[in-house]
Amino acid sequence: MGARMSRLAVICARGGSKGIKNKNLRSLADKPLLAHTIEQARQSEMFDWIAISSDSADIRQAGKAAGADYMIERPADLASDVAPKIPAIRHCAASVEEATGITLNTIVDLDATAPLRSIADIKGAIEMLENSDADNLVSGMTARRSPYFNLVEEQSDGRVQLAKIPETPIARRQDAPRCFDLNASIFVWKRSTLFSQNDYALGTNTILFEMPEERSIDIDTELDFVFVEFMISRQEGSSQ
């Protein structure tokens, strides 16, 4: 019997947000947006610990109230508008390892702004990576536009052409290779990969966990927020 896997859920939530002010603390279905992802992580029963990474004391306090195990203060240089996210995840994971004295096997980033994911999505993504020889996993949905068929790229002279020109012209979108939009919902890393790779989620040995469009909304605008509120109210209505 193999050794038990140790897993950490990291939820990154900066205090500053450009599109929606105080987005991570904004009330969604009578609880802070952040709390939905904490509850999903807990209900999945897949994690040893749930950690919040934030530069905001208010967010860390809300994370604690919602049931997170570790509230990691994110350094200012990892919390700016231009700072990539992966170093913050790495910092959070290292902080939890230092606090627990345990080396993690799997680190999962659950984005607080993607609360429509299901418990099955979390479980499925983790199991998919852990049962593979891949280094890490990203989640996504089938792309609405195909770079081989109806997604164009502007050239320096103002003209446009297909973003990815196929060897043989494609007359129907269905004949193009499958393409996906990353939905920012679930990222899973084997520890060795997270602590050795660059600051990009896509490497040479990355796999994808497919999710449907209705669970793939990443809140970035007021319209996104309204749509997610509608979807959650519809889910709650159907479960009554």
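One can find the structure itself at the top, above this paragraph.
So, how was this worked out
Residues numbered from 1 in each chain as written. Predicted model: local features only at pLDDT ≥ 70, side-chain atom pairs only at ≥ 80, totals over all residues. Heavy atoms only, no water. Helix = DSSP H or I, 4+ residues; strand = E, 2+ residues; numbered from the N terminus. Contact = heavy atoms within 4.5 Å. Areas by Shrake-Rupley, 256 points an atom, 1.4 Å probe, with all protein chains shown as cover. Lys, Arg positive; Asp, Glu negative; His and termini not counted. Charge placed at Lys NZ, Arg CZ, Asp CG, Glu CD. Buried < 20%, exposed > 50% of the residue type's maximum accessible area, 1.4 Å probe, protein only. Arc of directions from axis to C-beta. Polar contact = N/O pair within 3.5 Å; in protein donor to acceptor, adjacent residues only side chain to side chain.

Enquirer: Explain the overall build of the protein to me, please; I cannot follow it from the model alone.
Expert: What the protein contains, in helices and strands, is six helices and 11 strands. If one aligns the C-alpha atoms of the protein with their principal axes, the spans along those axes are about 55 × 40 × 40 Å. For the protein, the share of sequence-separated contacts (at least 6 apart) that also reach a separation of at least 24 residues comes to 74%. Taken as a whole, the protein presents about 12,900 Å² of accessible surface, with 49% of it coming from carbon and sulfur. In the protein, the 27 positive side-chain charges and the 35 negative ones have mean positions that sit 1 Å from each other.

Enquirer: I keep staring at helix H2 (residues 57-66) and nothing clicks. Help me out?
Expert: Side chains that are three or four residues apart share a direction in an α-helix, a result of its 3.6 residues per turn. The set of residues buried in H2 consists of Ile 59, Arg 60, Ala 62 and Gly 63. End-on view of H2: buried residues confined to an arc of 160°, all on one side of the axis. For H2, the exposed residues set more than 90 degrees away from the buried face come down to Asp 58, Gln 61, Lys 64 and Ala 65. Contacts made by the buried residues of H2 are with helix H1 (33-44), strand E4 (49-54) and strand E5 (70-73). A side-chain oxygen of the first residue of H2 lies 3.3 Å from the backbone nitrogen of Asp 58; this N-cap is Ser 56. After H2 finishes, the residue Gly 67 shows a positive phi value of roughly 110°.

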